[in-house]
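Read off the chains here:
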Amino acid sequence: MGNFVIAIDGPAGSGKGTIAYEIARHYNYYYIDTGAFYRAITYLILKNDISLTDTDAILALADNAHFSFKGNHLILDGIDITDQLRSKEVEKIVSQVSCIKELRLILNRHILSLAQDKDIVADGRDTTTVIFPNANVKIYLDARFEARIKRRYDQNKAKDIYSSYDEIRENIEMRDRRDQMKTFGALTLAPDAHYIDTTNLSIEDIINKIINIIEGEVK
Ligand code: DC
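Report on the accompanying structure. For clarity, every value in this text was computed on a predicted model and none was experimentally measured. (Residues numbered from 1 in each chain as written. Predicted model: local features only at pLDDT ≥ 70, side-chain atom pairs only at ≥ 80, totals over all residues. Heavy atoms only, no water.)

What about the pattern of salt bridges?
Reasoning step 1: In total, this model carries 12 salt bridges according to the counting rule given.
Reasoning step 2: Between Arg125 and Asp179 there is a salt bridge; the shortest N-O distance is 2.8 Å. Highlighted residues: Arg125 in the loop between β6 (120–124) and α6 (127–131) and Asp179 in helix α8 (residues 165–181), separated in sequence by 54 residues. No difference in accessibility class separates Arg125 from Asp179, as the two residues are buried.
Reasoning step 3: One salt bridge in this structure joins Lys150 and Asp154, with 2.7 Å as the shortest N-O distance. Linking Lys150 with Asp154, this pair stays in helix α7 (residues 145–158), spanning four residues, or about one helical turn.
Reasoning step 4: When its relative accessible area of 45% is taken as the criterion, Lys150 is described as partly exposed.
Reasoning step 5: It is possible to trace a salt-bridge network through shared partners that takes in Arg39, Glu91, Arg152 and Arg175. (Salt bridge = Lys/Arg side-chain N within 4 Å of Asp/Glu carboxyl O. Helix = DSSP H or I, 4+ residues; strand = E, 2+ residues; numbered from the N terminus. Buried < 20%, exposed > 50% of the residue type's maximum accessible area, 1.4 Å probe, protein only.)

A look at the sheet that holds β6
Hydrogen bonds between backbone atoms are what pair the strands of a sheet, whose relative direction is either parallel or antiparallel.
Reasoning step 1: Taken together, the five strands give an open sheet; going across it, the order is β2-β6-β1-β7-β8, and neighbouring strands pair in parallel fashion. Both edges of this open sheet fall to β2 (30–33) and β8 (194–197), since each of them pairs with a single strand only. Direction aside, neighbouring strands of the sheet carry axes that sit 20 degrees apart on average.
Reasoning step 2: Running at roughly 155 degrees to strand β7 (residues 137–142), helix α9 (residues 203–218) makes contact with β1 (5–9), β7 and β8 of the sheet. (Pairing = 2+ DSSP bridges. Axes fitted to C-alpha atoms, helices over the stretch in contact; angles between N-to-C directions. Contact = heavy atoms within 4.5 Å.)

So, the pairing of strand β3 (residues 67–70)
Reasoning step 1: Residues Phe67 and Phe69 line the buried face of β3, whereas the alternating positions Ser68 and Lys70 sit on a face that is not buried.
Reasoning step 2: Pairing between β3 and strand β4 (residues 73–76): four bridges, direction antiparallel. Within β4, the residue paired with Lys70 across the bridge is His73.
Reasoning step 3: Between β3 and β4, which pair antiparallel and follow one another directly, the connecting turn spans two residues, one of which, Gly71, has a positive phi of 65 degrees.

Let's talk about the packing of aromatic side chains
How two aromatic rings sit relative to each other is given by the distance of their centres and the angle of their planes.
Reasoning step 1: Evaluation of the coordinates by the stated rule reveals eight aromatic pairs.
Reasoning step 2: Between Tyr21 and Tyr31, the aromatic rings sit 5.4 Å apart at their centres with planes inclined by 55 degrees, giving tilted as the arrangement. Placement of Tyr21 in helix α1 (residues 16–27) and of Tyr31 in strand β2 is noted, with a sequence separation of 10 residues between them. There is no split in this pair, since Tyr21 and Tyr31 are both buried.
Reasoning step 3: Summarising the aromatic geometry, the rings of Phe37 and Phe69 are spaced 5.9 Å apart at their centres and angled 50 degrees between planes, so their arrangement reads as tilted. Here the residue Phe37 occupies a position in helix α2 (residues 34–47), and Phe69 occupies one in strand β3, the gap between them amounting to 32 residues. Each member of the pair, Phe37 as well as Phe69, is classed as buried.
Reasoning step 4: It is Lys101 that lies over the ring of Phe184; its NZ or CZ is 5.0 Å from the centre.
Reasoning step 5: The residue whose ring lies beneath Lys118 is Tyr30, and the NZ or CZ to ring-centre distance is 4.8 Å. (Phe/Tyr/Trp six-rings, centres within 6.5 Å; stacked < 30°, edge-to-face > 60°. Lys NZ or Arg CZ within 6 Å of the ring centre and 35° of its normal.)

This is the structure:
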């Protein structure tokens, strides 16, 4: 038997980060937030003042980076940079960064090598389709547009990040467009994924639903 892989995809604000981490904790599995890889590279691009058109420099950053997780915290080259990943600056350009195909290939390699020999829960946009096409359980979490904006607004507020409702609406709209239109790794519903509309569900409801699905698949 190989390692057990639970892959969870969905659009921005669908709640997948919170849910995926809770599922990982429930089963004591390793959690891999694949969006954090794109955010980390974006953070490095900004920190090193690299132009978004300088693909070679961006790919070199990604090639040389070392990633791991401590719980749901991303450790980049030995340093916990989790707090830097949700800044407005990162948020603004991360979806553009995530459209660089060669970067996706490098980051997918990092993700797969981190997942090796572990039971994992991974979340992102293409974990159920490109990164882990043979995942044991695939979940697609969705929510209506307005609900996703409100969730991201509340999430930011709880983290003391101030963004207006309109700013978040614009950002999510733009990210949805980019997520769906990527030529590689676009957000799509895998035919064998369980689709859950979370708009009217509490976090506990969603977690219980997913645990029921997982237990059903294992039997
Ligand atoms: O899930 P998130 O909001 O942290 O993702 C950050 C960005 O990275 C978002 O624009 C989508 C992109 N992303 C991606 O292209 N592929 C993934 N597997 C995960 C995230």
